[in-house]
Structure formats: C-alpha cells, structure tokens
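Observations on the three-dimensional arrangement
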Amino acid sequence: MTDRAFCTVRAGALTTVQDLGRAGHAHLGVPRAGALDEPAHRLANRLVGNPEGAAALETTLTGCAVRVRTATVAAVTGAPCPVTVDGRPAPWGAPVRVPAGSVLDAGPATAGLRSYLAFAGGVDAEPVLGSRAADLLSGLGPAPLSDGTVLPLGTPHGPPAAVDAVPRAGLPAAELVLPCVLGPRDDWFTEAGLRTLATGRFRVSSASNRIGLRTEGPALERRQDGELPSEGMPLGALQVPPDGLPVLFLNDHPTTGGYPVVGVVPERFLAAAAQAAPGTPVRFAPRRSRSAG
C-alpha cells in the first residue's frame, strides 16, 4: 500500500467519497451521484490546491476522523464543525497542514448536516464510469467508509490557497424555502392539493437520505388515482408517492419512476436542501413555467 493514503479511525454515521458525479448515464439507469452540497465541495478542493472536481469525503451529521500516512494539506468545509489535528484545534474553512501519522478529526456538525474533507491530490479511489463518487442507490463507486478503511491519496496538483480563512457561508436557515416550477404532472393534483403545496407546513423527515429529502406534513390531494408508466426523473424532481407527501430527489435518485412529479426544484437550491437536518421546517414556493401559456 502506498504511503500516500489515509486510514479511517472514525467513520461516523455516513461518510462517502464524492466528486462532482457521473453525469450522462441516466439512459443506463445510473444516477449522477456526487457531492450534495456542491459549492462546499468545490470550495474545499480550491483551498487545498485541487481542481474543483477532485474526490473528497462527505460526512453526515457526526463527522469522521482519519490518520494520514503522509504529510498533507486538508480543508474542512460545508456544515460547520470542530476540527482537530491530534486533538489540537485547527481551523474550519481553511487549509490545514497535517503531519504524517497525525489524525485529522472533523467533529459533529454544529449546524447543518454534511461536511466536506478535501486532501491535497484528492482521494484516489478507483473511478467507475468516469467518477469516484459513491452512489448509494446503484452501489457504484467506493463503499461508504467504515473504521479501518484505507484509501489512497493522489499527487498534489498545486499549492494550497494563500488565505488564512474564507468567509463562512451562511448557516442553514431556520426554514428551508424551496422554489419549484410546477409540472410536468401538476394536473394530477386538485387545486386544493396545489394550495397545500404552496401553503402547507412541512418539515424534513428523518427518513431523508442522499436519494431524496422526504417530508412530513399535510398530504397533497390528488385529482386522479393510479400511477404513471415509468418516466424519466430529473435531479430536483418533487415526486409525490401515494401517501401524498412530496419527496425531493437528490443526487442518488432513481432515473425513472411512476409516481407523479408535481414540480421541479432548480439545482441551485439543492445545496440548502442537502444541509437541512431532520425536523427543519420546509416551505415550497411553486410557480408556473414562463413557457406554460
């Protein structure tokens, strides 16, 4: 095993390898996968001198800890959390020099849900269909980390960013507001159902994951029963299963489905959804497409 590697000391609740995903394979039934909070992932890579698409670690709620086998530069972004190197405090949102044999620990999130750990050279896991991203739906890519997992690091691309720290991104809002463009199947819902979407008090369900953000709250009333023939599902689709509770499709979502999609949330709002912890209030802001009459 190469010295350019790290060993997982504490895997946390769910830590996966993520890059920017494997776009272009939906026709094969392969989701995009990739970092759920893409701006945070890109920032972590810039801080350590990597291309923005390099593979990094995405943690969930409880963080993770790794022991590096070679001296490296790392950065932690995304959900704010305490960062230590061998137990000594280190900065969040800034390049951190980690000596060989030292343990870098990104602790539990103090706000939000997902933190990102980037290393100079990136995580050099075996690519599948052009990406190193772990896809929890299809099982492609490296498996989620467990205690003792060893993964190689790539060769550093360039010097780390010449900054002491970066401005902290806005903390997750007390309420998650998700604009959505109605359609293509909003006609499957009554006017009362669409009013519920616009005015209902929803919250993030603890059953949410990388596949979709599930909601709890009032059910959307449907105009017709039955299901659709399976059709394509885009990232950000707001699918409504038989229980009437909207599910926002995230990066590991299935590429097809038979439940009606009442609307689609534009991709730029999905990073906020990725950081919404269970129990966070959710409000949808539906609108008609400009091209819809």
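Up top is the structure these notes are about.
Just so it is clear, the structure is predicted and the values come from calculations on it, not from any experiment.

1. Section: helix H2 (residues 191–199)
Taken as a whole, H2 has its buried residues at Gly193, Leu194, Thr196 and Leu197. Seen from one end, H2 has its buried residues packed into an arc of 150°, which puts them on one side. Looking at H2, the residues exposed on the side facing more than 90 degrees away from the buried face are Arg195 and Thr199. Tucked inside the fold, the buried residues of H2 contact strand E12 (176–182), strand E13 (202–204), strand E16 (237–239), strand E19 (261–264) and strand E20 (281–287).

2. Digging into the packing of aromatic side chains
Going through the model one piece at a time under the given rule, you end up with 2 aromatic pairs. Pairing Phe6 with Phe119 gives two aromatic rings, centres 5.3 Å apart and planes at 20°, and the pair type is stacked. Linking Phe6 in strand E1 (residues 5–10) with Phe119 in strand E10 (residues 115–119), this pair joins segments that are 113 residues apart in sequence. Both residues of the pair, Phe6 and Phe119, belong to the buried class. A ring pair is formed by Phe202 and Phe284, whose centres lie 5.5 Å apart and whose planes are at 70°; its orientation type is edge-to-face. Of this pair, Phe202 sits in strand E13 while Phe284 is found in strand E20, placing the two residues 82 residues apart along the sequence. Take Phe284: its relative accessible area is 2%, and that puts it in the buried class.

3. Comments concerning the sheet that holds E1
By definition, the strands of a sheet pair up through backbone hydrogen bonds, in either a parallel or an antiparallel sense. Read from one edge of the open sheet, 6 strands run E7-E6-E9-E4-E1-E11, paired in antiparallel fashion. Every other strand in the sheet has two partners, leaving strand E7 (88–90) and strand E11 (150–152) as the edge strands with one partner each. Averaged over neighbouring strand pairs, the angle between their axes works out to 30° when direction is ignored. Bridge analysis of strand E4 (residues 64–68) against strand E9 (residues 103–106) gives 4 bridges, and the strand direction is antiparallel. Along E9, the bridge assignment pairs Cys64 with Ala106.

4. Here we look at the side chain of Asp37
Its location among the elements puts Asp37 in the loop between strand E2 (16–18) and helix H1 (38–47). For the buried residue Asp37, which engages in no salt bridge, the nearest side chain bearing the opposite charge is Arg114, 8.6 Å off. Those residues within four positions of Asp37 in sequence are excluded, and the remaining contacts are Glu58, Tyr116, Ala271, Ala274 and Gln275.

5. Things to note about the side chain of His25
With respect to the helices, strands and loops of the structure, His25 is situated in the loop between E2 and H1. Residues within four places of His25 in sequence aside, it is in contact with Val30 and Leu129.

6. Overview of the environment of Pro218
Tracing the backbone shows Pro218 in the loop between strand E14 (212–216) and strand E15 (231–232). Note on Pro218: relative accessible area 31%, which makes it partly exposed. Expressed as a C-alpha distance, the spacing of Pro218 and Gly244, which sit 26 residues apart in the sequence, is 7.7 Å. If we ignore the near neighbours within four places in the chain, the residues touching Pro218 are Thr196, Gly200, Arg201, Phe202, Gly244 and Leu245.

Conventions adopted
- Residues numbered from 1 in each chain as written.
- Predicted model: local features only at pLDDT ≥ 70, side-chain atom pairs only at ≥ 80, totals over all residues.
- Heavy atoms only, no water.
- Buried < 20%, exposed > 50% of the residue type's maximum accessible area, 1.4 Å probe, protein only.
- Helix = DSSP H or I, 4+ residues; strand = E, 2+ residues; numbered from the N terminus.
- Arc of directions from axis to C-beta.
- Contact = heavy atoms within 4.5 Å.
- Phe/Tyr/Trp six-rings, centres within 6.5 Å; stacked < 30°, edge-to-face > 60°.
- Pairing = 2+ DSSP bridges.
- Axes fitted to C-alpha atoms, helices over the stretch in contact; angles between N-to-C directions.
- Lys, Arg positive; Asp, Glu negative; His and termini not counted.
- Salt bridge = Lys/Arg side-chain N within 4 Å of Asp/Glu carboxyl O.

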